[in-house]
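# Examination of the molecular architecture
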Amino acid sequence: MTYIHLTYGDLVLPALLVVMDGALSIILRLRLERQLAIATLRMVIQLILVGYVLTFLFAAVSPLWTALAAFIMVLFASREIVARQKRRLPGTWGYGLGAACMLLAAGTVTMFALLTELRPDPWYHPRYALPLLGMMLGNTMTGISLGLDVLTNGLVRERTAVEACLALGDTRYQAMLPVMRDALRNGFMPIINSMAAVGLVSLPGMMTGQILAGVEPVDAVKYQLLIMFLIAGGTGLGTLAAVLGGSYLLTDTRHRLRLDRILTDGEI
């Protein structure tokens, strides 16, 4: 079975649904029409550019080009992590922590899948490596963002309790453990909710795309299960690394809480 080919002209009618959202915003005075227009324009431009870039990469099949594309993806994901924080670590600390956690988590599970389950030839083939990495980054990014956000907000809120525990002789990790647990729970929650709802409530995008492309539903389910297992592992690993790393950076070797290292939205 061949997939249904779409032209750009076929997308005009569905695009009117976005226009409808803009019209509703104007009628109801929600003041979201400008944001909606900008987001839609960015989405269209970005996806078209990505399509041409992937076409080039798929034809080149070069480990250097694949590594460069993966590196750029990690950098943009790290920037999104920092941008989503109400309270964030300054400068290279924030970007470095996000990038390191993303590279550790998403990179590890992507390599694991390529080398043990998918086994493309060559193993770094961008047709498999980059879409898989993209799915890992998108989901792991959410877990890391939530984990760090809850960690920093929780330490500010519970500062008195944490410093009291430190004064009584607890180590920095013992004193911060309740806040760290809350951060980990929040980081894990999106993937837990996704796993609980998948199939009965929603059909995931990858599975839907494969079915539309002509893949047998049972085979599409197998691939989706693989992806969900990988996302769960990547989210857990990334969130844990981010929370532990953030806790380390927000204390010092003398077991003091260093909230002076946190920037708020209004600070540079």
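See the structure shown above.
Since the structure is predicted, the reported quantities are computational estimates derived from the model, not experimental observations.

We now examine the packing of helix H5 (residues 126-157) against helix H7 (residues 172-197). The N-to-C vectors of H5 and H7 enclose an angle of 150°; their axes lie 8 Å apart at closest approach. Overall, the two elements H5 and H7 adopt an arrangement that is roughly antiparallel. By crossing handedness, the relation of H5 to H7 is classed as right-handed. Between H5 and H7, the residues in contact are Thr142, Gly143, Leu146, Gly147, Val150, Leu151, Gly154 and Leu155 and Met176, Val179, Met180, Asp182, Ala183, Asn186, Gly187 and Pro190, respectively. Per-class residue counts for the contact of H5 with H7 are nine nonpolar, six polar and one charged.

So, on to the nonpolar core. Soluble globular proteins tend to pack their nonpolar side chains together in the buried interior. By size, the foremost hydrophobic cluster in this structure holds 46 residues, and its most contacted members are Met102, Met136 and Leu155. Listed by contribution, the elements that provide at least two residues to this core are helix H3 (63-83), helix H4 (91-118), H5, helix H6 (159-167), H7 and helix H9 (217-249). Broken down by element, the residue count for this core peaks at twelve residues, all from H5. Each residue touching Leu155, except ones within four places of it in the same chain, is listed here: Val162, Met176, Val179, Leu250, Leu257 and Leu259.

Right, let's get into the packing of aromatic side chains. Scanning the entire structure with this criterion turns up two aromatic pairs. Ring geometry for Phe56 versus Trp65: centroids 5.3 Å apart, planes at 85°, classification edge-to-face. With a relative accessible area of 42%, Trp65 lands in the partly exposed category. Their ring planes at 85° and their centres at 5.7 Å tell us that Trp123 and Tyr124 sit as a pair that is edge-to-face. Here Trp123 falls in the partly exposed class, since its relative accessible area comes to 40%.

This brings us to the side chain of Asn153. Relative to the elements of secondary structure, Asn153 occurs in helix H5. Overall, Asn153 belongs to the buried group, its relative accessible area being 18%. Setting aside anything within four residues of it in sequence, one finds Asn153 in contact with Lys86 and Arg87.

Take unusual backbone geometry next. Note the cis peptide between Asp121 and Pro122, where omega equals 0°. Following the sequence through the fold, Pro122 ends up in the loop between H4 and H5. Phi at His255 takes a positive value of approximately 60°, unusual for a residue other than glycine. Here His255 lies in the segment after H9.

In this structure the tally under the stated criterion is eight salt bridges. For Arg159, the salt bridge is made with Glu163, and the minimal N-O distance between the two is 3.2 Å. Of this pair, Arg159 and Glu163 both sit in helix H6, four residues apart, which is roughly one turn of that helix. With relative accessibility at 40%, the residue Arg159 sits in the partly exposed group. Residue Asp252 pairs with Arg258 through a salt bridge whose shortest N-O separation is 3.7 Å. Relative accessible area serves as the criterion here: at 10%, Asp252 is assigned to the buried category. In the salt-bridge network here, residues are joined through shared partners; they are Asp252, Arg256, Arg258 and Asp260.

Rules used in this analysis
- Residues numbered from 1 in each chain as written.
- Predicted model: local features only at pLDDT ≥ 70, side-chain atom pairs only at ≥ 80, totals over all residues.
- Heavy atoms only, no water.
- Axes fitted to C-alpha atoms, helices over the stretch in contact; angles between N-to-C directions.
- Helix = DSSP H or I, 4+ residues; strand = E, 2+ residues; numbered from the N terminus.
- Parallel < 35°, antiparallel > 145°, perpendicular 65-115°, else oblique.
- Left-handed = near helix turned anticlockwise from the far one by under 90°.
- Contact = heavy atoms within 4.5 Å.
- Nonpolar A, V, L, I, M, F, W, Y, C, P; charged D, E, K, R; others polar.
- Core = buried A, V, L, I, M, F, W, Y, C linked by side-chain atoms within 4.5 Å.
- Buried < 20%, exposed > 50% of the residue type's maximum accessible area, 1.4 Å probe, protein only.
- Phe/Tyr/Trp six-rings, centres within 6.5 Å; stacked < 30°, edge-to-face > 60°.
- Salt bridge = Lys/Arg side-chain N within 4 Å of Asp/Glu carboxyl O.

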